[in-house]
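Residue-level structure breakdown
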Amino acid sequence: MFGERRLREALASAAGLPPSAVVDRLLQVVADWLDGQSHDDIAMLAVCAAPSA
């Protein structure tokens, strides 16, 4: 399994990026981990808080 630890590391490596870039980064990390193997569907939702006024 990809696992929670690996997910946390991938998210940490994307800290500060805009939501769309975080999704792109995670998809790349998963693709690298799969190394060409087939997989089930992957769904992600990135949410960004509006800057406080």
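The structure displayed is predicted, hence computed values, not measured ones. (Residues numbered from 1 in each chain as written. Predicted model: local features only at pLDDT ≥ 70, side-chain atom pairs only at ≥ 80, totals over all residues. Heavy atoms only, no water.)

1. A word on the overall build of the protein
Defined as follows: Note on conventions: DSSP H or I runs of at least 4 residues are helices, E runs of at least 2 residues are strands, and numbering of each starts at the N terminus. For the radius of gyration, the atom set is restricted to C-alpha positions; the globular benchmark scales as 2.2 Å times the number of residues to the power 0.38. Think of it in three bands: residues with accessible area under 20% of the maximum for their type are buried, residues over 50% are exposed, and the middle band is partly exposed, with areas taken using a 1.4 Å probe on protein chains only. Residues scored as positive are Lys and Arg, those scored as negative are Asp and Glu, and His as well as the terminal groups of each chain are ignored. To locate a charge, take NZ of a lysine, CZ of an arginine, CG of an aspartate or CD of a glutamate.
Each helix and strand in the protein was counted, giving two helices and zero strands. By the compact-globule yardstick of 10 Å for 53 residues, the protein is too spread out, its C-alpha radius of gyration being 13 Å. Considering only C-alpha atoms, the protein reaches an extent of 45 × 20 × 15 Å along its principal axes. Classification of the 53 residues of the protein by burial places 17% in the buried group. Of the charged side chains in the protein, 4 are positive and 7 negative; the average position of the first set lies 9 Å away from that of the second.

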